Amino acid sequence: MNFLQLNDNQLIKQANYLNGRWQVSNKFITVSNPANGVELGTIPVIDKLALEQTITAAQEAFDTYSKTNSYKRSEWLLKWYDLILSAQDDLAKILTQEQGKPLAEAKGEILYAASFIKWFAEQINADYGLTLNSPVDNKQFHTHKQAIGVAALITPWNFPAAMITRKAAAALAAGCSIIIKPSELTPFTAIALVELAHRAGFQKGVINLVTGNAPMIGDALCHDQRVKKLSFTGSTPVGQKLFAQSATSLKRLSLELGGNAPFIIFADADLDAAVDALMISKFRNNGQTCVAANRIYVDQNLQQAFLTKLKAKLPSLTVGNGMDKNVQLGPLINQAAVDKVHDLVASAISAGAKLEYQADLNESNSPFFPVTLLVDITPNMPIAQKEIFGPVLAVQWFDEETEVITRANSTDAGLAAYFFSDNIHRCQRVAGALDYGMIGINDGMVSNAVSPFGGIKQSGLGREGGHTGLAEYQYIKAHCYGQLS
Ligand code: NAP
């Protein structure tokens, strides 16, 4: 174990958490720091038998946990929340060292992750069934909400803490037991969170964490009838595969998949505010977010003013190891990610895009990518059709509102979209016309525990967080009382 500067080294386990115990295995995967390649530790490769036993343990735990009252579940969650806040410095250091994002941003993610736990701990005690007005004199109809069962949670590397708690807090509040499968690239943040949940006192088997061969684990979880729910955050191709694999068990699914967010700046926008928001939307986590501004559309008439304001901000973005206080942009997750972004930029330039700005970067052959600004992007270029997932601004110009809405909607993705305008009529019109699950209107940051997060089209199914987040882990049972008079 090679994490630096932790106060509590017991947060790191090179083990899986199965039925209330940390368990090692004789097969393992090595996890490295993307900023410098330093080996951080190893995690187990779970085998089929141990996974099967974990599902059994989660099922047994569900039978008792789901019957605990909501106030008790809320107390466990709030205890977990307090422990996370107390350990926030250590958690942020673990996150930065395995994922790469700068320490201040990692701390922001830990607080964001914790906010879901508090939100659902409070939501569950205000969650009710209904007494329905009966149209029949001697009958009464009631609805009850019940926990759906064992829930499998598969999460990506770009938000190693928040993508877990956004699911786990809702599932645990609703009364589900859970099996977490974090990305093999960033498992130690998940392990530390689960260690804190263990300390919070959740009963054995309620929370489980497995690592290893993702396709094997995904296949087993999808096909097992005892797993009633699968919540996945990750790429669209893997989401489609899990959807197909879940057909035989008819599992309830939440799929939070890839985006291709348009960011539109109209001529009547507050340009300073728009450029500030674009910087946040684009450069959070070095561009590696599903809601990052991917296709930037700017009114033709703003070209010069926009480029002047934007280019004034770019040189201050320092790239480097996220543990260094002066760094704003960490590494990309690995060399394959760098190569992908490099190819998107190269193909755009060869198809006619103009390289308006590119930062100098000393490190060659490293997972860092220079801040890049491309203009004159056209819709047919791969960079306009795929998630860039890197610090590259790809700008298109437009003339008309209707034209830009058509261009913004012409993608299979439908996660987040943003636009800036100071005209209230346009704001209402454009917000209604954009085919996306989340719309930032004069705002570049749409995520918050109180607001439903999720997409349409190929960006997935279901909503996380918000007032509907619990329902993803519940089913509604109708009770009909007859012979009442
Ligand atoms: P990914 O390759 O799809 O992986 C996501 C998770 O799925 C990881 O835990 C991965 O495990 C696992 N996995 C991979 N293949 C699997 C399989 N055949 N069966 C079961 N699990 C499998 O995605 P990623 O590269 O980690 O994440 C980036 C993507 O996530 C982007 O497309 C981004 O837009 C999307 N994302 C969406 C949201 C949202 O809320 N909509 C939020 C964040 C990210 P291993 O890593 O161990 O292989």
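Residues numbered from 1 in each chain as written. Predicted model: local features only at pLDDT ≥ 70, side-chain atom pairs only at ≥ 80, totals over all residues. Heavy atoms only, no water.

Engineer: Give a detailed account of the site of the ligand, specifying residues and quantitative values.
Structural biologist: Not every one of the 30 residues close to the ligand is listed here, only the nearest: Thr155, Lys181, Ser183, Ser235 and Glu387. Between the ligand and Trp157 there is a distance of 3.0 Å, counted from an oxygen atom to a side-chain nitrogen or oxygen. The separation between an oxygen atom of the ligand and a polar side-chain atom of Glu387 is 2.5 Å. With the chains in place, 87% of the 900 Å² that the ligand exposes on its own is no longer accessible. (Near = heavy atom within 4 Å. Polar contact = N/O pair within 3.5 Å; in protein donor to acceptor, adjacent residues only side chain to side chain. Areas by Shrake-Rupley, 256 points an atom, 1.4 Å probe, with all protein chains shown as cover.)

Engineer: Describe unusual backbone geometry, naming the residues involved and giving the relevant values.
Structural biologist: Keep in mind that most residues, glycine aside, have a negative phi and that most peptide bonds are trans. For Asn19, which is not a glycine, the phi torsion comes out positive at approximately 50°. Tracing the backbone shows Asn19 in the loop between strand E1 (16–18) and strand E2 (21–23). (Helix = DSSP H or I, 4+ residues; strand = E, 2+ residues; numbered from the N terminus.)

Engineer: Tell me about the pairing of strand E15 (residues 372–375), and name the residues and values.
Structural biologist: Taking every second residue as pointing to the same face, both faces of E15 are buried, with Thr372 and Leu374 on one and Leu373 and Val375 on the other. Of the strand pairs in this sheet, E15 and strand E16 (residues 392–398) are connected by three bridges, and their pairing is parallel. Each residue of the ladder has a partner; that of Thr372, found in E16, is Val392. (Buried < 20%, exposed > 50% of the residue type's maximum accessible area, 1.4 Å probe, protein only. Pairing = 2+ DSSP bridges.)

Engineer: Explain the pairing of strand E3 (residues 28–32) to me, using residue names and the numbers behind them.
Structural biologist: Residue alternation in E3 divides its side chains into a buried set, Ile29 and Val31, and an unburied set, Phe28, Thr30 and Ser32. In terms of strand pairing, E3 meets strand E4 (residues 39–44) through five bridges, oriented antiparallel. By the bridge assignment for E4, Phe28 is matched with Pro44. Linkage of E3 to E4, two consecutive antiparallel strands, is achieved through a turn of six residues, within which Gly37 is found at a positive phi near 75°.

Engineer: Please set out the pattern of salt bridges residue by residue, giving values where relevant.
Structural biologist: What the rule picks out here adds up to 20 salt bridges. Between Lys101 and Glu109 there is a salt bridge, with its nearest N and O atoms 2.6 Å apart. Each member of the pair, Lys101 together with Glu109, is buried. Two residues, Lys354 and Glu356, come together in a salt bridge whose shortest N-O distance is 3.1 Å. A relative accessible area of 43% places Lys354 in the partly exposed class. Residue classification places Glu356 among the buried residues on the basis of a relative accessible area of 18%. Among the charged side chains, a salt-bridge network with shared partners connects Asp268, Glu401, Arg426 and Arg429. (Salt bridge = Lys/Arg side-chain N within 4 Å of Asp/Glu carboxyl O.)

Engineer: Quick rundown of helix H8 (residues 236–245)? Include the residues and the values.
Structural biologist: What H8 keeps buried is the set Thr236, Gly239, Leu242 and Gln245. Buried-residue contacts for H8 involve strand E7 (150–154), helix H7 (214–223), strand E10 (227–233) and strand E11 (252–256). (Contact = heavy atoms within 4.5 Å.)

Engineer: Residues and numbers for the sheet that holds strand E5 (residues 130–132), please.
Structural biologist: Adjacent strands of a sheet pair through backbone hydrogen bonds, lying either parallel or antiparallel. Read across the open sheet, the three strands follow the order E5-E6-E20; overall the sheet is antiparallel. Of all the strands in the sheet, just E5 and strand E20 (474–481) have a single pairing partner and so form its edges. Within this sheet the neighbouring strands show an average axis-to-axis angle of 25°, counted without direction. Note that E5 and strand E6 (residues 140–147) share three bridges and pair antiparallel. By the bridge assignment for E6, Leu130 is matched with Thr143. (Axes fitted to C-alpha atoms, helices over the stretch in contact; angles between N-to-C directions.)

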